[in-house]
Structures are given as structure tokens and as C-alpha cells.
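Spelled out from the first residue to the last, the chains are:
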Amino acid sequence: MSLSRSLPQSKEALLKSYRTRLKDDVKSMLENFEEIVKLSKGEHDTQLSRMTQCEQDTYEMHVRAANIVRAGESLMKLVSDIKQYLILNDFPSVNEAITQNSKLFRTKQAECDQKLMSLRDDMAADLYDLEEEYYSSINK
């Protein structure tokens with residue numbers, strides 16, 4: 001119960017709906033698969049002719065297979081929704097990533113500033129040498 005008390009009402013309802021969708025889809029897949037297995041045994045006592053019963057069983061298997069596929073697609077959509085929810089609502093990890101990037105960029109900025117300062121000092125020294133050579137030269 002501590003989990004449900006720490007979550008806001010909307011998050012709790014969303015997680016409950018995710019659980020419900022998961023259970024419903026898995027249950028649907030299992031029931032349809034069990035029925036396909038039962039149909040594949042072919043032991044039916046009906047008043048229909050054998051060919052008619054085979055056609056009906058084939059059609060029912062196709063429908064149940066389509067239901068399994070639909071439940072599988074629904075599960076994939078559920079996984080996608082959960083991933084999206086985690087990406088959009090996982091603020092601690094987002095903040096941590098921002099902090100890490102900020103630190104990385106600050107160190108890169110410090111390195112670039114250091115290199116620029118070194119370059120400036122080298123250029124100033126070279127310029128001083130060039131100016132000294134120019135002003136001391138006879139060919140002005």
C-alpha cells in the first residue's frame with residue numbers, strides 16, 4: 001500500500017489501467033489458443049456434415065488466430081505506452097542526464113577557454129616579436 005500512497009491519483013489510475021490491459025490481453029491470447037487446440041482435435045458430435053464442420057472449424061480458427069494477433073498488437077501498444085510514460089515522467093533520470101551534460105559541457109568550455117588563452121598568449125608574444133622586428137628594421 002505504500003506504493004499507492006506515494007503516487008498521485010492519476011498515476012495510480014493509469015498504472016491500474018495498464019495492469020488491466022495486460023491481464024485482459026494475456027487472458028484473451030490464452031483463451032483463444034486453448035480454443036484453437038480444442039478445435040484441432042476435431043472430436044465434435046454435431047448434426048452437420050463432416051465437410052461443413054471442417055469449414056466451420058477452419059473459420060473459427062482463423063477468427064481466433066486474428067484475436068490472438070489483435071491481443072499481441074495490443075500488448076505491443078501497451079509496451080509502447082509504458083515506455084513513453086517512463087520517458088516523459090521519469091524526472092529524476094532526466095534531471096540527472098541534464099546535470100551530467102551540463103558538467104560535461106562546462107568542462108569542455110573550460111578546456112576551450114584554456115586553449116584560447118594559451119593561443120592568445122602565443123599570438124601576443126609572436127606579435128610583440130614581429131612588432132619589435134618591424135620597428136627595429138631599416139626598411140620601414
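Data block above holds the structure.
Below or above, wherever it landed, is the structure these notes cover. (Residues numbered from 1 in each chain as written. Predicted model: local features only at pLDDT ≥ 70, side-chain atom pairs only at ≥ 80, totals over all residues. Heavy atoms only, no water.)

## Focus on the overall build of the protein
- Along the backbone of the protein there are 4 helices and 0 strands.
- Shown N-terminal to C-terminal, the secondary structure of the protein runs as helices and strands in the order α-α-α-α.
- Its C-alpha atoms give the protein a radius of gyration of 36 Å, more than 25% over the compact-globule value 14 Å for 140 residues.
- Projected onto the principal axes, the alpha-carbon positions of the protein cover approximately 125 × 45 × 20 Å.
- Residue burial in the protein is summarised as follows: out of 140 residues, 10% are buried.
- Summarising the internal contacts of the protein: among those between residues at least 6 apart in sequence, 73% fall at separations of at least 24. (Helix = DSSP H or I, 4+ residues; strand = E, 2+ residues; numbered from the N terminus. Rg over C-alpha atoms; globule rule 2.2 N^0.38 Å. Buried < 20%, exposed > 50% of the residue type's maximum accessible area, 1.4 Å probe, protein only. Contact = heavy atoms within 4.5 Å.)

## Remarks on the packing of aromatic side chains
- A complete count under the given rule lists 2 aromatic pairs for this structure.
- Their ring planes at 80 degrees and their centres at 6.3 Å tell us that Tyr18 and Tyr85 sit as a pair that is edge-to-face. Of this pair, Tyr18 sits in helix α2 (residues 9-41) while Tyr85 sits in helix α3 (residues 50-89), placing them 67 residues apart in sequence. The residues Tyr18 and Tyr85 share a single accessibility class, namely buried.
- Ring geometry for Tyr134 against Tyr135: centres 5.2 Å apart, planes inclined by 70 degrees, an arrangement best described as edge-to-face.
- Residue Tyr135 is classed as exposed on the basis of its relative accessible area of 56%. (Phe/Tyr/Trp six-rings, centres within 6.5 Å; stacked < 30°, edge-to-face > 60°.)

## Observations regarding a nonpolar patch on the surface
- On the surface, Leu116, Leu119 and Met123 cluster together into a nonpolar patch covering about 320 Å² of accessible area.
- In this structure, Met123 sits in helix α4 (residues 91-136).
- Classification of Met123 as exposed rests on a relative accessible area of 53%. (Patch = residues over 30% accessible without salt bridge, like charges linked within 9 Å, V, L, I, M, F, W, Y side chains within 5 Å. Areas by Shrake-Rupley, 256 points an atom, 1.4 Å probe, with all protein chains shown as cover. Salt bridge = Lys/Arg side-chain N within 4 Å of Asp/Glu carboxyl O.)

## Some words on the side chain of Asp81
- Inspection of the secondary structure puts Asp81 in helix α3.
- If we ignore the near neighbours within four places in the chain, the residues touching Asp81 are Tyr18 and Arg21.

## Details of the layout of surface pockets
- Approximately 160 Å³ is the volume attributed to the largest pocket.
- As for the largest pocket, its lining consists of 10 residues, and the residues nearest its centre are Gly42, Arg50, Gln53, Cys54 and Asp57.
- No other element matches the 6 residues that α3 contributes to the lining of the largest pocket.
- By residue class, the composition of the lining of the largest pocket is 3 nonpolar, 5 polar and 2 charged. (1 Å grid on protein atoms, 1.4 Å probe; cavity = no way out; pocket = protein on both sides within 12 Å on 5 of 7 lines; lining within 4 Å. Points joined across faces, edges and corners; volume = space filled by probe spheres on them. Nonpolar A, V, L, I, M, F, W, Y, C, P; charged D, E, K, R; others polar.)

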